[in-house]
Amino acid sequence: MIEKIQQIRSKALKCSAEIQRYDSVYVVSHIDADGLTSAGIIGKALERAGIDHSIHFVKQLDEVEIEAIANQNPELAIFTDLGSGMIESLNSHGINSVISDHHQPRGELEHHLNPHLFGFNGSYELSGSGMTYMLANALGDNRDLADLAIVGAIGDLQHLKRGHLTGINRYILEEGAKEGSLSYEKDIMLFGKQTRPVFKLLQFASDPYLPGLTGNEDACIGFLHDLGIRFSGDERWRRWIDLEQNDKQKVVSALVQYCLRSGLPPYKIERLIGEVYLLMKEKEGTEMRDASEYSTLLNATARYGHADIGLAVCMGDRGKAYESARQLLSEHRQNLVNGLMFVKENGITELNNLQYFDAGSNIMETIVGIIAGMSTSIAGNRSLPIIAFADSKDGVKVSARGTQDLIRKGLNLSEAMAVTTAEIGGAGGGHDIAAGATIPFNVKEEFLQKLDSVIGEQLRKK
């Protein structure tokens, strides 16, 4: 591994030398948490290196966006958390590029940093922000930005395959821990440990879904009450971080017993406990203290057209931008609940090798992928990949999500999306476990049939 890290560092130094040839660069990044942290990392690094820059966010790097970038005629464009799948188009438009990405590469480019090129898997061994962190450290000593790289990796769910970060993500984590900006420990994996009352952790649990507790506030309060988990002295519910260690152990033990009685399979129950990541320079009890909550806060900004707010938070704004982000987070949570209710009420349709739902204009295209990933906890079939459609101004947005079990059986959604869109029009790609595409409005049925066939072939080959 050390040898491969040295290879990445060597390539990053070449990319850094290319960047330093220019007085001004144009950064293009993705609008999810990994993209925002990538932009924050490269923004900080360029600022410290004295290189003038502007940052532009895109939902998807397609031909329309590439043409718009070409029309800007930048001296140099740096692509973070995207670009690897569109190298041929970037080259054909004559865009002088440096790419720092982790999605599956297509085409060749001299200044291209991608874990797949060094034998690592970009789905779980290194995120876009992690690769951009390697680039930032070639531009100068930016090891204090390791915490942002970990937030991006957690936002990209890179820890879920093994229950903890692995590969180069692990190396970055250890570097951040040495610097004092990060710490990690085993804890309950339910979301909201820093900010939510304890019963809310149970009420909104989705992975694993807790039958009889998830979605039922009264049942969650009753569950904790029976365990003797009480209010704090001032009649407010305590948060997870407020509980004593023996109370935490009591809750976890009771949850395991509850899940066993409810018939949950062991692999789901195991997901209750895992490694959690804390940002030690951030205030305890805020969303930024916990990498999972921080990444969700960021997702709530750019996905609603406010990437500037998310970027400002990444760059250190803990005043106005942070308050705006918290307001957007509140709205984001409500939209996720509404989206899940839509799926539950309208159902999921099964084909031979996939399942799908069509949200039309009922769910925003920027969050339909998140809802697709959550929806198999409340409906659908976990033994099939799920495909979600949502209307967008450029066509139909397609989001696809799989599971680690399906990946082991041969599923590669990035490949399946790329092959299918090449046949029917549109553009698609991503990771083996999560991918996206935009297709024309009139080819949805044809797309589904072809995608079903391609996925079937993948699963039969293994």
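Residues numbered from 1 in each chain as written. Predicted model: local features only at pLDDT ≥ 70, side-chain atom pairs only at ≥ 80, totals over all residues. Heavy atoms only, no water.

**Considerations on the pattern of salt bridges**
Then comes step 1: Counting across every chain of the model gives 18 salt bridges.
Then comes step 2: Asp 247 is the partner of Lys 250 in a salt bridge, and the nearest nitrogen-oxygen pair spans 3.8 Å. In this pair, Lys 250 and Asp 247 are both assigned in helix H10 (residues 245-261), three residues apart and thus about one turn of the helix distant.
Then comes step 3: Take Asp 247: its relative accessible area is 11%, and that puts it in the buried class.
Then comes step 4: One salt bridge connects Glu 287 with Arg 326, and the closest N-O pair in it is separated by 3.3 Å. A residue pair is termed long-range when its members are at least 10 positions apart, and Glu 287 in the loop between strand E7 (273-279) and helix H12 (291-302) and Arg 326 in helix H14 (residues 320-346) qualify at 39 residues.
Then comes step 5: Judged by its relative accessible area of 5%, Glu 287 is buried. (Salt bridge = Lys/Arg side-chain N within 4 Å of Asp/Glu carboxyl O. Helix = DSSP H or I, 4+ residues; strand = E, 2+ residues; numbered from the N terminus. Buried < 20%, exposed > 50% of the residue type's maximum accessible area, 1.4 Å probe, protein only.)

**Thoughts on unusual backbone geometry**
Then comes step 1: At Asn 73, a position not held by glycine, the phi torsion is positive, near 55°.
Then comes step 2: Examined against the element boundaries, Asn 73 turns out to sit in the loop between helix H3 (63-72) and strand E3 (77-80).
Then comes step 3: The phi torsion at Leu 157 lies on the positive side, around 60°, for a residue other than glycine.

**Considerations on the sheet that holds strand E8 (residues 349-350)**
Then comes step 1: The strand order E8-E9-E10-E11-E13-E12 describes an open sheet built from six strands, whose pairing is mixed. Each edge of the sheet is formed by a strand with only one pairing partner; in this case those strands are E8 and strand E12 (427-430).
Then comes step 2: The strands that helix H17 (residues 413-424) touches are strand E11 (395-401), E12 and strand E13 (434-439); relative to E13, the one it contacts most, it runs at about 15°. (Pairing = 2+ DSSP bridges. Contact = heavy atoms within 4.5 Å. Axes fitted to C-alpha atoms, helices over the stretch in contact; angles between N-to-C directions.)

**What to know about the pairing of E12**
Then comes step 1: Direction of pairing for E12 relative to E13: antiparallel, over a ladder of four bridges. Residue Ala 427 lies in a different strand from E13, and its bridge partner there is Thr 438.
Then comes step 2: Between the end of E12 and the start of E13, which pair antiparallel, lie three residues.

**As for the packing of helix H2 (residues 33-49) against helix H13 (residues 307-314)**
Then comes step 1: Here H2 crosses H13 at 55°, and the two axes come no closer than 9 Å. Compared by their axis directions, H2 and H13 come out oblique. Helix-helix and strand crossings are classified by hand; for H2 and H13 the assignment is right-handed. Counted together, Leu 36, Thr 37, Ala 39 and Gly 40 of H2 and Ala 307, Gly 310, Leu 311 and Cys 314 of H13 form the full contact between these two elements.
Then comes step 2: Residues of the contact of H2 with H13, tallied by class, amount to five nonpolar, three polar and no charged. (Parallel < 35°, antiparallel > 145°, perpendicular 65-115°, else oblique. Left-handed = near helix turned anticlockwise from the far one by under 90°. Nonpolar A, V, L, I, M, F, W, Y, C, P; charged D, E, K, R; others polar.)

**Overview of the side chain of Lys 397**
Then comes step 1: Within the secondary structure, Lys 397 sits in strand E11.
Then comes step 2: With sequence-adjacent residues up to four places away left out, Lys 397 is seen in contact with Gln 60, Glu 365, Val 368, Ala 388, Phe 389, Ala 390, Ser 392, Ala 437 and Thr 438.

**Digging into the domain arrangement of the protein**
Then comes step 1: Along its sequence, the protein is carved into domain 1 (1-181), domain 2 (188-337) and domain 3 (347-461).
Then comes step 2: Summarising the inter-unit geometry, the C-alpha centres of domain 2 and domain 3 are found 28 Å apart.
Then comes step 3: Buried surface at the junction of domain 2 and domain 3, both sides included, amounts to about 920 Å², of which 64% is carbon and sulfur.
Then comes step 4: The largest contributions to the domain 2 side of the interface with domain 3 come from Ser 206, Arg 303 and Leu 336, which together make up 52% of the buried area.
Then comes step 5: Where domain 2 meets domain 3, there are zero salt bridges.
Then comes step 6: Counting every contact that joins domain 2 to domain 3 gives one residue pair in polar contact (both at pLDDT 80 or more).
Then comes step 7: Those elements that provide at least two residues to the side of domain 2 that touches domain 3 are helix H11 (266-270) and H14.
Then comes step 8: Across the side of domain 2 that touches domain 3, the residue classes break down as four nonpolar, three polar and three charged. (Domains from an automatic or database assignment. Buried area = accessible area lost by both parts, 1.4 Å probe. Polar contact = N/O pair within 3.5 Å; in protein donor to acceptor, adjacent residues only side chain to side chain.)

**As for the packing of helix H6 (residues 146-155) against helix H7 (residues 167-179)**
Then comes step 1: Contact geometry for H6 and H7: axes closest at 9 Å, N-to-C directions at 140°. Note on packing geometry: the crossing formed by H6 with H7 is left-handed. Side by side, H6 and H7 meet where Ala 146, Ala 149, Ile 150 and Ala 153 of the first sit next to Asn 169, Ile 172, Leu 173 and Gly 176 of the second.
Then comes step 2: Here the residues of the contact of H6 with H7 sort into six nonpolar, two polar and no charged.

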